Amino acid sequence: MDRMNLVEGFLIFTGVSTGYLHMGWSGPSGATSGWTSDGVTGGSSVGPVERTGLGISNVGFAHVVNISVRAVAMPKGLLRVSSTAGTFRFRWYQANSQATATTVYANLWLRQTS
């Protein structure tokens, strides 16, 4: 039997505007999702929020607006799991190599609501 879950998170990060914070989900065989990264897309100035609809195997992103100010991304979506057991994971990485690292700070959270 398939089950639908709400998944959402709150990430605080810094870096350089060209480093980008990429993020995504992975799950067991048969799992599907529809989600968005809900992160700023502006580079060195304030820009729109990224709300492109993504699937479980797609990568979302957020830009750093100003290296001296911490930015926030709030990924969220729906996860549908089937009868296959497994682990549902959130992953993030710095998209481009830069002298300044992209840093994700403590006090982030992820939650799943059935």
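Before any of the text, the structure's been laid out above.
Now for a description of the structure that goes with this document. (Residues numbered from 1 in each chain as written. Predicted model: local features only at pLDDT ≥ 70, side-chain atom pairs only at ≥ 80, totals over all residues. Heavy atoms only, no water.)

This next bit is on the overall build of the protein chain. A tally of regular secondary structure across the protein chain gives 0 helices and 12 strands. Taken from N to C terminus, the helices and strands of the protein chain fall in the order β-β-β-β-β-β-β-β-β-β-β-β. Evaluated residue by residue, the protein chain yields a buried proportion of 37% over its 114 residues. Accessible surface, the protein chain as shown: approximately 6,200 Å² in total, 54% of it carbon and sulfur. (Helix = DSSP H or I, 4+ residues; strand = E, 2+ residues; numbered from the N terminus. Buried < 20%, exposed > 50% of the residue type's maximum accessible area, 1.4 Å probe, protein only. Areas by Shrake-Rupley, 256 points an atom, 1.4 Å probe, with all protein chains shown as cover.)

So, about the pairing of strand β1 (residues 3–14). Two strands pair when backbone bridges link them, and β1 and strand β9 (residues 76–81) are joined in this way by 6 bridges, in the antiparallel orientation. Each bridged residue has a counterpart across the sheet, and for Leu6 the counterpart in β9 is Leu78. Relative to strand β12 (residues 109–113), β1 runs antiparallel, the two sharing 5 bridges. Residue pairing in the sheet places Phe10 in a bridge with Trp109 of β12. Judged from the 2 bridges that link them, β1 and strand β11 (residues 103–104) form a sheet pairing that is antiparallel. Each residue of the ladder has a partner; that of Thr14, found in β11, is Thr103. (Pairing = 2+ DSSP bridges.)

With that settled, the discussion passes to the sheet that holds strand β2 (residues 21–26). Read from one edge of the open sheet, 3 strands run β7-β2-β10, paired in antiparallel fashion. On the outer flanks of this sheet lie β7 (60–62) and β10 (89–94), each paired with one strand and no other. Within the sheet, the average angular offset between the axes of one strand and its neighbour, ignoring direction, is 25 degrees. Bridge count for β2 against β7 is 3 bridges, and the pairing is antiparallel. Within β7, the position partnered with Leu21 by the bridge is Ala62. (Axes fitted to C-alpha atoms, helices over the stretch in contact; angles between N-to-C directions.)

Mapped onto the fold, Ser33 is located in strand β3 (residues 32–36). In this structure the C-alpha to C-alpha distance between Ser33 and Leu78, which are 45 residues apart in sequence, comes to 5.4 Å. The contacts of Ser33, once residues within four sequence positions are left out, are Leu54, Gly55, Ile56, Leu78 and Leu79. A distance of 3.3 Å separates a polar side-chain atom of Ser33 from the backbone nitrogen of Ile56. (Contact = heavy atoms within 4.5 Å. Polar contact = N/O pair within 3.5 Å; in protein donor to acceptor, adjacent residues only side chain to side chain.)

Residues apart from glycine generally show negative phi values, whereas peptide bonds are mostly found in trans. The phi torsion at Asn107 lies on the positive side, around 75 degrees, for a residue other than glycine. Position of Asn107 among the secondary structure elements: in the loop between β11 and β12. By relative accessible area, which is 67% here, Asn107 ends up exposed.

All right, on to the environment of Val69 then. Position of Val69 among the secondary structure elements: in the loop between β7 and β8 (71–73). For the pair Val69 and Thr14, spaced 55 residues apart in sequence, the C-alpha separation works out to 7.0 Å.

Counting residues in each nonpolar core, the largest one holds 17 residues, and the members touching the most others are Phe13, Leu21, Met23, Trp25 and Leu79. Sorting the residues of this core by element identifies β1, β2, β8 and β9 as the ones contributing at least two each. Dropping the residues within four chain positions of it, Leu79 is found in contact with Arg3, Met4, Asn5, Val7, Ala31, Thr32, Ser33, Ile56 and Phe88. (Core = buried A, V, L, I, M, F, W, Y, C linked by side-chain atoms within 4.5 Å.)

None of the figures reported here should be taken as evidence of function without further support.
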